[in-house]
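Topology and contacts: notes
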Amino acid sequence: MPEKPHQNLAIIGHVDHGKSTLVGRLLYETGSVPEHIIEQHKEEAEEKGKGGFEFAYVMDNLAEERERGVTIDIAHQEFQTDEYYFTIVDTPGHRDFVKNMITGASQADNAVLVVAADDGVAPQTQEHVFLARTLGINELIVGVNKMDRVDYEESRYREVVTEVEDLLNQVRFATEDASFIPISALEGDNVVERSGNMEWYDGELVLEALNGLEEPEPPTDAPLRLPIQDVYTISGIGTVPVGRVETGLLNTGDNVSFQPSDVGGEVKTIEMHHEEVPRAEPGDNVGFNVRGIGKDDIHRGDVCGPADDPPSVAETFTAQIVVMQHPSVITDGYTPVFHAHTAQVACTIESIDQKIDASSGEVEEENPDFIQSGDAAVITVRPQKPLSIEPSSEIPELGSFAVRDMGQTIAAGRVLEVNGS
Ligand code: GDP
C-alpha cells in the first residue's frame, strides 16, 4: 500500500479553548486509539456501571498524562485520515516547542486554531496566530469550538468569525488561507460527523478540511542543504561527515561545497543505515565521503550544498525574533549564542531595527532602545564567526534559529535577509 503523505499539524489557541478535547475527538473518531485499549476501557467502564462512551477513555488518558506531568498531552499524537498521515507537533507553549523548532523537528506545515465560541479571541489566540505566521504556517483551519455553550447560534458564530478575520488581517495572514468551522469538540459536532444541531452550516467538517489541505511539497526541488552533525574518520573509507538532508538531493558523483569552511569535492559514496545508496533525500540521515576532504577541513555546523549553488554565509543577517524570556532588557551590542541547524555561534545584535506588536504584527517603534520579554522585533545580527544560514522565505529548513543565554532559550526567530560575504 502506498504510504500516505505526511502532514505536521500544530494545534494552537488560548488555554482551555478545547485543543486537547479536539485532538482527543480526532484520535478517537479516526480510529487512532487501538481497539484493544478501547475494549479494555469499555469493560472497565461497564464493570463500574458506566458503559458506553469510549471517547471518555481518550480524554481520561490525556488528563492522566497531564496530571503525571508527563509530556503535556497533545503533542506527538498521530492519526490518519483518508488522505494524510498526521503528526501533531509541539504547540507554542509546550516545553519542547522552541527546542524542536530549532532542530526542525516540529516544523508545522499547517495549523488548527481553536477559538471558544463563548470567549471569542483571547490573548493567546493573538499570540499563537502571530507565531504561526512568523513560523510560516501555510493554511489555518479555524474551529469555533464549544458551540454547545452558545446554543449553537449562528449569530454568535458569525461574531467570532469576524473577530478572527480581523486578527488575521492585522498580522497579514491571508484570510483566503483560513477556513472556519463551527464545532463542539466535546459533543462531536462537525469534527468527523456532521452536526444535527447546526442546520444553518453546510460547509466542511474538520476532517474534510484536514483532508483538503494541500500536500506539503517535499523540499526536493530546493538546492541541497545538509547541515553537518559530526565528522568521523573511518578506516578504509576516510573522512565521513554525517548529517540529515534538510532540502534537495545528494547523489554520488555530485560536486559539493561545505560552508563556511569553504572546501569541496566530489561525493564518492553515501551510506544510510549501514548500506551504500546512490542518492539521499530530505529527511535521510547519511554518512558520506567526499574526495580530498580531510577530517580537520570540515566541522559540525558546516552546511553541505552543491558547488554551483553553495550554502550562504552571513556576514550579517536581518531576522524577525520573538523574545520569550529575558531577565532584563536586550539592547544593541548584546552577544548571546545563536543556535541554527547544527551550528552554535555567538552573534552580536548589531541593531534593533523595529519593534513589532506581538499580537498584531504592526510596527510599533522604529529603532527602539531596547526590547524585552514578550516583544517581537526585527534585528540586524553579526555572527562572531562565519555562519551558514539562509533566508527562511527561500529555505525555511535553514532559516530559523533560537537564541540562548544563561542556560535558557531567550528568543526564537527566522532569517529575513542574508548579507553575504
Ligand atoms: P485546552 O487547554 O485548549 O487543551 O482545552 P481542553 O481541551 O483541556 O478543554 C478545556 C475545558 O473545556 C475542558 O473542561 C473541556 O471539557 C471543555 N471543552 C472542550 N471542548 C468543549 C466543547 O466543545 N464544549 C464544551 N461545553 N466544553 C468543552
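Predicted, not measured: the structure shown is a model, and the values here were computed from it. Per-chain numbering applies: the sequence of each chain, read as written, is numbered from 1 onward. Per-residue local features are limited, in this predicted model, to residues with pLDDT of at least 70; the limit for side-chain atom pairs, both in listing and counting, is 80 or more; totals at the level of whole chains, interfaces and linings are taken over all residues. Neither water nor hydrogens contribute to the side-chain values; these are computed over all heavy atoms in the structure.

Before going further, it helps to examine the overall build of the chain. Within the chain, the secondary structure is distributed over 7 helices and 23 strands. A burial count over the chain gives 51% of its 421 residues as buried. Total accessible area on the chain is roughly 19,300 Å²; 44% of this is exposed by carbon and sulfur atoms. Secondary structure elements are taken from DSSP: a helix is a run of H or I of four residues or more, a strand is a run of E of two residues or more, and numbering for both begins at the N terminus. Type-normalised accessible area, obtained with a 1.4 Å probe on protein chains alone, sets the label of each residue: buried when under 20%, exposed when over 50%, and partly exposed for intermediate values. Surface exposure here means Shrake-Rupley accessible area, sampled with a 1.4 Å probe, where a residue is shielded only by the protein chains that are shown.

Turning next to empty space enclosed by the protein. Both cavities and pockets are sets of points on a 1 Å grid over the protein atoms alone; in a cavity a 1.4 Å probe fits but cannot get out, in a pocket the set is open with protein on both sides within 12 Å along at least five of seven lines, and lining residues sit with an atom within 4 Å of a point. Grid points are joined across faces, edges and corners, and a volume is the space filled by probe spheres set on the points. Across all of its chains, the model carries 1 cavity of 30 Å³ or more by this definition. For the largest cavity, the calculated volume is near 30 Å³. Along the walls of the largest cavity sit Ile321, Ile330, Tyr334, Pro336, Phe338, Ile349, Ile379, Val403 and Ile410, which together make up its complete lining. Within the lining of the largest cavity, the residues separate by chemical class into 9 nonpolar, no polar and no charged. The residue classification treats Ala, Val, Leu, Ile, Met, Phe, Trp, Tyr, Cys and Pro as nonpolar and Asp, Glu, Lys and Arg as charged. All others, Gly included, are polar.

The subject of this paragraph is a negative patch on the surface. Residues forming no salt bridge and having over 30% relative accessible area are the ones grouped into patches, like charges within 9 Å of each other and nonpolar side chains (Val, Leu, Ile, Met, Phe, Trp, Tyr) within 5 Å. For this document, the term salt bridge refers to a Lys or Arg side-chain nitrogen within 4 Å of an Asp or Glu carboxyl oxygen. For the purpose of counting charges, residues Lys and Arg are taken to be positive, whereas Asp and Glu are taken to be negative. His and the chain ends are not included. To locate a charge, take NZ of a lysine, CZ of an arginine, CG of an aspartate or CD of a glutamate. Together, Asp82, Glu83, Glu176, Asp177, Glu214, Glu215, Glu217 and Asp221 line one region of the surface with negative charge. Its place among the elements puts Glu214 in the loop between helix H7 (206-211) and strand S7 (226-234). With a relative accessible area of 61%, Glu214 lands in the exposed category.

Glancing now at helix H6 (residues 154-170). Every helix has an expected span of 1.5 Å times one less than the residues it contains. Relative to the 24 Å expected for 17 residues at 1.5 Å per residue, H6 spans 24 Å between its end C-alpha atoms, a close match to the ideal helical length. Just downstream of H6 lies Arg172, where phi reads positive at about 60 degrees.

Take Asn145: it is sitting in strand S5 (residues 140-145). Exposure remark for Asn145: the relative accessible area of 3% places this residue in the buried category. Distance and chemistry together define a polar contact, namely a pair of N or O atoms within 3.5 Å, with one atom able to donate a hydrogen and the other to accept it when in protein, and with adjacent residues in sequence counting only for side-chain atoms on both sides. From its side chain, Asn145 meets the backbone oxygen of His17 in a polar contact 2.9 Å long. Any two residues whose heavy atoms approach within 4.5 Å are treated as being in contact. Excluding its chain neighbours within four sequence positions, the residues that come into contact with Asn145 are His17, Gly18, Val114, Val115, Ala116, Ala117, Ile183, Ser184 and Ala185.

Taken together, the side chains of Tyr232, Ile234 and Ile237 define a hydrophobic patch exposed on the protein surface, amounting to about 260 Å² of accessible area. Its location among the elements puts Ile234 in strand S7. Exposure remark for Ile234: the relative accessible area of 38% places this residue in the partly exposed category.

Our focus in this paragraph is the packing of aromatic side chains. Ring pairs are drawn from Phe, Tyr and Trp, using the six-membered ring of Trp, whenever the two centres fall within 6.5 Å, and their geometry is named by plane angle: stacked under 30 degrees, edge-to-face over 60, tilted for the rest. Applying the stated criterion across every chain, the model contains 9 aromatic pairs. Aromatic side chains Tyr84 and Phe86 sit 5.8 Å apart centroid to centroid with 75 degrees between the ring planes, which places their arrangement in the edge-to-face category. The same class applies to Tyr84 and to Phe86, which are both buried. A connected cluster of aromatic rings, assembled from ring pairs, spans Phe79, Tyr84 and Phe86.

A few words now on the pattern of salt bridges. In this structure the tally under the stated criterion is 12 salt bridges. In this structure, Glu159 engages Arg156 in a salt bridge whose closest nitrogen and oxygen atoms are separated by 2.6 Å. With Glu159 and Arg156 both in helix H6, this residue pair falls 3 residues apart, about one helical turn. Given a relative accessible area of 45%, Glu159 falls into the partly exposed group. Overall, the relative accessible area of 17% leaves Arg156 in the buried class. A salt bridge links Arg194 to Glu208; the nearest nitrogen and oxygen atoms lie 4.0 Å apart. Remark: Glu208 occurs in helix H7 and Arg194 occurs in the loop between strand S6 (178-182) and H7; sequence separation between them is 14 residues. On the basis of relative accessibility, which here comes to 42%, the residue Arg194 falls in the partly exposed class.

All right, on to the site of the ligand then. The environment of the ligand is formed by 16 residues, the closest being Asp16, Lys19, Ser20, Thr21 and Asp148. A distance of 2.8 Å separates an oxygen atom of the ligand from a polar backbone atom of Lys19. For the ligand, an oxygen atom lies 3.2 Å from a polar atom in the backbone of Leu186. Its free accessible area being 580 Å², the ligand has 80% of it covered by the protein chains. For the shell around the ligand, the leading source of residues is helix H1 (residues 19-29), giving 3 residues. Looking at side-chain class alone, the shell around the ligand contains 3 nonpolar, 7 polar and 6 charged residues. Throughout, the term near means that a residue has one or more heavy atoms lying within 4 Å of the molecule or strand in question.

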